[in-house]
Amino acid sequence: MRISIQPGVQGNATKVAKSGSSTRRKAWLAVFAACGLFWTVVALMVWQIWS
């Protein structure tokens, strides 16, 4: 698949690509942070039950 970009629009397209990858990186960080928080809560609940 080939996409052609007009010369005047090219600078705008790189900004969109960079912000898209930044958003994707932030989304993955949020997923990992939520996962870590979830397992921390689970570990603390197990510790509370067993002690």
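The sections below set out a description of the structure shown in this document. (Residues numbered from 1 in each chain as written. Predicted model: local features only at pLDDT ≥ 70, side-chain atom pairs only at ≥ 80, totals over all residues. Heavy atoms only, no water.)

## Remarks on the overall build of the protein chain
Logical step 1: For the protein chain, the helix and strand inventory stands at 1 helix and 0 strands.
Logical step 2: Among the 51 residues that make up the protein chain, the fraction classed as buried is 0%.
Logical step 3: Carbon and sulfur atoms make up 68% of the accessible area of the protein chain, which amounts to about 5200 Å² in all. (Helix = DSSP H or I, 4+ residues; strand = E, 2+ residues; numbered from the N terminus. Buried < 20%, exposed > 50% of the residue type's maximum accessible area, 1.4 Å probe, protein only. Areas by Shrake-Rupley, 256 points an atom, 1.4 Å probe, with all protein chains shown as cover.)

## Quick notes on a nonpolar patch on the surface
Logical step 1: The grouping of Trp-28, Val-31 and Phe-32 at the surface amounts to a nonpolar patch, some 350 Å² of accessible area in total.
Logical step 2: Locating Trp-28 in the fold gives a position in helix H1 (residues 10–50). (Patch = residues over 30% accessible without salt bridge, like charges linked within 9 Å, V, L, I, M, F, W, Y side chains within 5 Å. Salt bridge = Lys/Arg side-chain N within 4 Å of Asp/Glu carboxyl O.)

## As for the packing of aromatic side chains
Logical step 1: A full pass over the atoms with the stated rule returns 2 aromatic pairs.
Logical step 2: On the numbers, 5.0 Å between centres and 75° between planes, the contact of Phe-38 with Trp-39 is edge-to-face. (Phe/Tyr/Trp six-rings, centres within 6.5 Å; stacked < 30°, edge-to-face > 60°.)

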